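Spelled out from the first residue to the last, the chains are:
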Amino acid sequence: MRSCSVPVSAVVGKQITTIEGLAVNGVLTKVQKAWLDHDVPQCGYCQSGMIMAVTALLKDKPKPTDADINSALTNICRCGTYQQVRAAIHAAANA
C-alpha cells in the first residue's frame, strides 16, 4: 500500500515494511540487486515505490507475466526506464 494514501490510524498494530527494511544486514534483496544490475534508477524519485510494488508482486506471483507486471506497477516514472524495470523484474523472478 502506498503510505501517502493510508492514515496512520489504519495501521495501528500492523506490520509495516518500508524500503529501508528490505535489506537484511546490508544484503540487498533480489529485487534491489536486479534494479542495480539493470541500471533502472535514473533520478530515483519513483524507485522506492516501484521496488516496494515489485516486492509485493513477487510475493504474490513469483513468476509474473508482463500483464501481471502492468497491473501491479502503477507508479509513473518520468525517466522512462520501463524496459529496464521489466527486465529487472523478470531477472528477480528468476533469481
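**As for the overall build of the chain**
- What the chain contains, in helices and strands, is 4 helices and 0 strands.
- Ordering the α and β elements of the chain from the N terminus gives α-α-α-α.
- Scaling as 2.2 N^0.38, a compact globule of 95 residues should have a C-alpha radius of gyration of about 12 Å, and the chain matches this with 13 Å.
- Over its C-alpha atoms, taken along the principal directions, the chain stretches across nearly 35 × 30 × 25 Å.
- Per-residue burial for the chain yields a buried fraction of 27% across its 95 residues.

**So, the side chain of Q32**
- Assignment of secondary structure puts Q32 in helix α1 (residues 30–37).
- We classify Q32 as buried; its relative accessible area is 11%.
- A distance of 2.9 Å separates the side chain of Q32 from the backbone nitrogen of T29, its partner in a polar contact.
- Apart from the residues lying within four places of it in its own chain, the contact partners of Q32 are I19, L22, A23 and I51.

**Points about the confidence of the model for the chain**
- Summing up the model confidence of the chain, the mean pLDDT is 91 and the portion of residues at 70 or higher is 100%.
- Averaged pLDDT values for the elements of the chain fall to 93 in helix α3 (residues 66–72) and rise to 96 in α1.

Conventions we followed
Residues numbered from 1 in each chain as written. Predicted model: local features only at pLDDT ≥ 70, side-chain atom pairs only at ≥ 80, totals over all residues. Heavy atoms only, no water. Helix = DSSP H or I, 4+ residues; strand = E, 2+ residues; numbered from the N terminus. Rg over C-alpha atoms; globule rule 2.2 N^0.38 Å. Buried < 20%, exposed > 50% of the residue type's maximum accessible area, 1.4 Å probe, protein only. Polar contact = N/O pair within 3.5 Å; in protein donor to acceptor, adjacent residues only side chain to side chain. Contact = heavy atoms within 4.5 Å. pLDDT = per-residue confidence, 0-100.

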